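Tertiary structure, described
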Protein chains: 2
Amino acid sequence: MSESPSIYLQFTNWLKSKLPGNKPEISSSPQDVQAFIANRYFLTQEQRDWLIQEFSDLQKQNTTLQQSLREQQTQATANTEDLLLELLEVSDALEALLNYLENNPDPSPEFIQRLPKSVGAVYRKFISVLSKRQVTPIELQSNQPDFNFCRVVDREIRNDVEDQTITKIVRQGFLIGEKVLRPTEIITSKSEQPLQETEDKEQAEN
Amino acid sequence: MSESPSIYLQFTNWLKSKLPGNKPEISSSPQDVQAFIANRYFLTQEQRDWLIQEFSDLQKQNTTLQQSLREQQTQATANTEDLLLELLEVSDALEALLNYLENNPDPSPEFIQRLPKSVGAVYRKFISVLSKRQVTPIELQSNQPDFNFCRVVDREIRNDVEDQTITKIVRQGFLIGEKVLRPTEIITSKSEQPLQETEDKEQAEN
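Scope of this entry: the structure provided in the associated data block. (Residues numbered from 1 in each chain as written. Chains lettered and ligands numbered in written order. Predicted model: local features only at pLDDT ≥ 70, side-chain atom pairs only at ≥ 80, totals over all residues. Heavy atoms only, no water.)

**Things to note about the overall build of chain A**
Put simply, the rule reads: Numbered from the N terminus, helices here are DSSP runs of H or I no shorter than four residues, and strands are runs of E no shorter than two. Partly exposed describes any residue whose relative accessible area lies between the buried limit of under 20% and the exposed limit of over 50%, with all areas from a 1.4 Å probe on protein chains only and scaled to the type maximum.
Scanning chain A from N- to C-terminus turns up 5 helices and 7 strands. Taken from N to C terminus, the helices and strands of chain A fall in the order α-α-β-α-α-β-β-β-β-β-β-α. Counting every position in chain A, which comprises 206 residues, the buried fraction comes to 33%.

**Side note on the packing of helix 4 (residues 109–132) of chain A against helix 3 (residues 45–103) of chain B**
The condition that has to hold: Every axis in this analysis is a line fitted to C-alpha atoms, fitted for helices over the stretch in contact. Angles between the N-to-C directions lie between 0 and 180 degrees. An angle below 35 degrees is read as roughly parallel, one above 145 as roughly antiparallel, one from 65 to 115 as roughly perpendicular, and any other as oblique. Whether a crossing is left-handed or right-handed is set by the direction in which the near helix is turned from the far one by less than a right angle, anticlockwise for left-handed and clockwise for right-handed. We call two residues contacting when some pair of their heavy atoms lies within 4.5 Å. Classes in brief: Ala, Val, Leu, Ile, Met, Phe, Trp, Tyr, Cys and Pro nonpolar; Asp, Glu, Lys and Arg charged; the others, Gly included, polar.
Where helix 4 of chain A contacts helix 3 of chain B, the axes come no closer than 9 Å and their chain directions differ by 155°. Here helix 4 of chain A is positioned roughly antiparallel relative to helix 3 of chain B, judged by the angle of their axes. In the packing of helix 4 of chain A onto helix 3 of chain B, the handedness of the crossing is left-handed. From helix 4 of chain A, Leu115(A), Pro116(A), Val119(A), Gly120(A), Val122(A), Tyr123(A), Phe126(A), Ile127(A) and Leu130(A) reach across to helix 3 of chain B, where they touch Leu84(B), Leu87(B), Leu88(B), Val90(B), Ser91(B), Leu94(B), Glu95(B), Leu97(B), Leu98(B), Leu101(B) and Glu102(B). Within the contact of helix 4 of chain A with helix 3 of chain B, the residues separate by chemical class into 16 nonpolar, 2 polar and 2 charged.

**Thoughts on the pairing of strand 7 (residues 184–190) of chain A**
The side chains of a regular strand alternate, first on one face of the sheet and then on the other. Residue and element names in this part refer to chain A. Which entries qualify depends on this criterion: We call two strands paired when DSSP finds no fewer than two bridges between them.
Within strand 7, 6 of the 7 residues are buried, leaving the element largely enclosed by the surrounding structure. In this sheet, strand 7 lies alongside strand 3 (residues 150–157) in parallel orientation, the contact comprising 7 bridges. Note that in strand 7 the partner of Ile157 across the bridge is Lys190. Note: strand 4 (residues 166–171) against strand 7, 4 bridges, orientation antiparallel. Each bridged residue has a counterpart across the sheet, and for Ile169 the counterpart in strand 7 is Ile186.

**Let's talk about the pattern of salt bridges**
Residues and elements named next belong to chain A. What counts is decided by this rule: The salt bridge definition used is simple: a Lys or Arg side-chain nitrogen within 4 Å of an Asp or Glu carboxyl oxygen.
Per the stated rule, a full pass over the model turns up 18 salt bridges over all chains. In this structure, the salt-bridge partner of Glu156 is Arg158, at a minimum N-O distance of 3.4 Å. On the accessibility criterion, Glu156 (28% relative accessible area) is partly exposed. When its relative accessible area of 26% is taken as the criterion, Arg158 is described as partly exposed. Arg158 is the partner of Asp160 in a salt bridge, and the nearest nitrogen-oxygen pair spans 2.8 Å. Residue Asp160 is classed as exposed on the basis of its relative accessible area, which comes to 58%.

**Comments concerning the layout of surface pockets**
Residue and element names in this part refer to chain A. Short version of the rule: Using a grid of 1 Å spacing that covers the protein atoms alone, one calls a set of points a cavity when a 1.4 Å probe fits there but cannot get out, and a pocket when the set is open and has protein on both sides within 12 Å along at least five of seven lines; lining residues are those with an atom within 4 Å of a point. Grid points are joined across faces, edges and corners, and a volume is the space filled by probe spheres set on the points.
One number sums up the size of the largest pocket: a volume of about 730 Å³. Broken down by element, the residue count for the lining of the largest pocket peaks at 11 residues, all from helix 3 (residues 45–103). Here the lining of the largest pocket is composed, by residue class, of 7 nonpolar, 13 polar and 5 charged.

**Focus: the side chain of Thr165(B)**
Residue and element names in this part refer to chain B. What counts is decided by this rule: Counted as a polar contact is a pair of N or O atoms within 3.5 Å, where, for protein atoms, one must be capable of donating a hydrogen and the other of accepting one, and residues adjacent in sequence contribute only when both atoms are in side chains.
Mapping Thr165 onto the fold places it in the loop between strand 3 (150–157) and strand 4 (166–171). Thr165 sits in the buried class, given a relative accessible area of 5%. For Thr165, the side chain forms a polar contact with the main-chain oxygen of Glu162, separated by 2.7 Å.

**Regarding the packing of aromatic side chains**
Definition in use: Think of it this way: a Phe, Tyr or Trp ring, Trp meaning its six-membered ring, pairs with another when their centres are within 6.5 Å, and the plane angle makes it stacked under 30 degrees, edge-to-face over 60, tilted otherwise.
Scanning the model with the defined rule gives 4 aromatic pairs over all chains in all. Both rings, one in Tyr100(A) and one in Phe111(A), keep their centres 4.4 Å apart while their planes meet at 25°; by these two values the pair is stacked. Here the residue Tyr100(A) occupies a position in helix 3, and Phe111(A) occupies one in helix 4, the gap between them amounting to 11 residues. Relative to Phe126(B), the ring of Phe126(A) lies with its centre 5.2 Å away and its plane at 0°, an arrangement referred to as stacked. Pair noted here: Phe126(A) is in helix 4 and Phe126(B) is in helix 4 (residues 109–132), and the two residues belong to different chains. You'll find Phe126(A) and Phe126(B) in the same group, each marked buried.

**A look at unusual backbone geometry**
Positive phi outside glycine occurs at Gln134(A), with the angle close to 65°. Residue position: Gln134(A) is located in the loop between helix 4 and strand 2 (135–137). For Gln164(B), which is not glycine, the phi dihedral falls at a positive 65°. On the secondary structure map, Gln164(B) appears in the loop between strand 3 and strand 4. Look at Gln164(B) and you get partly exposed, because its relative accessible area is 31%.

In C-alpha cells form, the structure reads like this:
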C-alpha cells in the first residue's frame, strides 16, 4: 500500500463511489415502489456519513499499525546493531591482548604487572556496554536467600550458621531494568541431621 | 480490545444492527415516495453484504496487526535477552581471569604459559556469540580497496606498490548477514609526487 497521506482521501473517494449515491429513477406506481423497497436497504445522509467515517478511521488505524510494525522492526534492528558494534570494540581489545600474548610467548615482567589493568580495562568496557542496556548486578540485601533473585544450586552442611543461610555465591546474578535476567546462584546451609535422631529412626524401622 | 475470536462475530452483528435493515412503512402516494427517496441512499442486498464483509476484513486485519506488533516486541525483547545472557557468560570468564590476576600479583610461569589459551578461550566464546548473530569478519578479496566494505582512514606514500593499494588493515570490519556492520578500516598507498613535476608547477606559477 502506498504511504502517501492522500491515501485517506483516495480511500474515502473510492468508498463514496462504491456507496450508491445516485437517486434511481422509479415510477411512483404502488407496485413499483413496493418492488423497489423490497430489494433495498436505506441509508440516511447521517448513516452514510457515519459509515464512511468509520471505514476511513479503520483504514487509518490499519495504516498506522503497519507503520508502527515497520518502525518497531527498524528500531529493534538498530538497537541490536548498536549493541553488536559496541561489542566489536570489546572484542577488538580482547583480540589485541590475545595477539600480543601469542606473539610474545615470554612476556616482560612489566607486561605481566600491567596485565590486571589491561584485562580490567576490557572487563570494564564490557560491563559498561551491558549497563547501558540496564543490565546491572543483583545486590543481595541479606544472607537469607530471596528466591525472587536467587537460585539454590547446592546445599552444604554447616552447623555454625542458621539453616538456609547463603554460604556461597556461585554465580553473580543480573537484572535487566527491574526484571531478573539471570538469578544469583547460591549455596545455602543445612544443619547436620543429629546422630541420635538417625539412630532413633533406625531403631524404629527394625 | 478483547482477543476472543468471537470479536469478528460480535463486530459483524453490531454492524448489522447499525446498518438499517428495517423496511420503513411509507405510503405510496407520489409525494411521499419522492420525499423518502430524496433523503435516502439505497443499498442492494449485495452492496450491504459487501460493506459488512469489507468492514469485517478491515477489523480482522487491524486485530492481526495489533497482535503482530505485540509478538514482534516480545520477540525483540527475547532476542536481546538471549544475547545479553550469552554475553554474561563471556563476562563471567573475563571476570574470573581478572580476579585471578588481581589475587595473584606474581602468577606462576605455568599460568603465564597458559595465558594465551585462557584469553583465547574467552575471545573465541565472544566471537561465537557474535557469529550466532550472523556477525562475521569481512574477507577482502584483493589488495585493491572495495569501497563497499572498506573505509580509508589514512594514506601513505609508497613508491613500491601501485597507487591506491591497501598497505595496512587498521581495524577488521564485520558483516551482519550480508550487510556491512562495520567497514574494514584501511590505509592505502599514494605515489610520491615526483620532484620534477613540483618544480615545473612552481615555474609555471612564476
